[in-house]
Amino acid sequence: SYLIPNGLQLYYTFNDGTANDLTDNAIDGSLYNNATIQTGGVGGSKCLFLNYTQNQSLNIPFNVFRGLTRFTVSFWKGLWGGKHFFGTEYVIFRL
């Protein structure tokens, strides 16, 4: 169970092995070109793994940004052996 702050539009922890949104907005992300969720985040949590040689991505539905001129995106990124890891929390706030 997670405490979701007011104003939070998306919240992806990746801990369930998916890019499902944990807010009531249910704005789930989609993994493309074999992007994977792996263990390797902070404290052994899950994270999103992207290998840019395979053009992998996490796509977020555009409707979360529709009509916004100001918003904040927050995440951590790790680089290990030329590979990119994102996690454990991927959040977007409307301002």
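Predicted model only: the values in this text are computed from it and were never measured. (Residues numbered from 1 in each chain as written. Predicted model: local features only at pLDDT ≥ 70, side-chain atom pairs only at ≥ 80, totals over all residues. Heavy atoms only, no water.)

## A closer look at the nonpolar core
Okay, step 1: One finds Leu10, Tyr12, Phe14, Ala19, Ile27, Ala35, Ile37, Leu48, Leu50, Leu58, Ile60 and Val64 forming the largest nonpolar core, which totals 12 residues.
Okay, step 2: Listing elements by their share of this core, those giving two or more residues are strand 1 (8-12) and strand 4 (46-50).
Okay, step 3: Beyond its immediate sequence surroundings of up to four residues, Ile27 is in contact with Gln9, Leu10, Tyr12, Asp21, Pro61, Asn63 and Val64. (Core = buried A, V, L, I, M, F, W, Y, C linked by side-chain atoms within 4.5 Å. Buried < 20%, exposed > 50% of the residue type's maximum accessible area, 1.4 Å probe, protein only. Helix = DSSP H or I, 4+ residues; strand = E, 2+ residues; numbered from the N terminus. Contact = heavy atoms within 4.5 Å.)

## A short note on the packing of aromatic side chains
Okay, step 1: Throughout the structure, instances matching the rule amount to one aromatic pair.
Okay, step 2: When the ring of Tyr12 is compared with that of Phe14, the centres are 6.2 Å apart and the planes differ by 40 degrees; the resulting orientation is tilted. Across this residue pair, the class does not change: Tyr12 and Phe14 are buried. (Phe/Tyr/Trp six-rings, centres within 6.5 Å; stacked < 30°, edge-to-face > 60°.)

## Notes on a nonpolar patch on the surface
Okay, step 1: Together, Phe71, Val73 and Phe75 give the surface a local cluster of nonpolar side chains, amounting to about 250 Å² of exposed area.
Okay, step 2: With respect to the helices, strands and loops of the structure, Phe71 is situated in strand 6 (residues 71-80).
Okay, step 3: Phe71 sits in the partly exposed class, given a relative accessible area of 37%. (Patch = residues over 30% accessible without salt bridge, like charges linked within 9 Å, V, L, I, M, F, W, Y side chains within 5 Å. Areas by Shrake-Rupley, 256 points an atom, 1.4 Å probe, with all protein chains shown as cover. Salt bridge = Lys/Arg side-chain N within 4 Å of Asp/Glu carboxyl O.)

## A closer look at unusual backbone geometry
Okay, step 1: Residue Phe14 is not a glycine yet carries a positive backbone phi of 70 degrees.
Okay, step 2: Mapped onto the secondary structure, Phe14 falls in the loop between strand 1 and strand 2 (30-32).
Okay, step 3: We classify Phe14 as buried; its relative accessible area is 1%.
Okay, step 4: Positive phi, normally seen in glycine, also occurs at Asn33, with a value near 55 degrees.

## Observations concerning the pairing of strand 3 (residues 36-39)
The side chains of a regular strand alternate, first on one face of the sheet and then on the other.
Okay, step 1: Inspection of the sheet shows strand 3 paired to strand 4 by four bridges, in the antiparallel sense. Looking at strand 4, one finds that Thr39 is bridged to Lys46.
Okay, step 2: Here strand 3 folds back onto strand 4 in antiparallel fashion, the turn holding six residues, of which Gly40 has a positive phi close to 150 degrees. (Pairing = 2+ DSSP bridges.)

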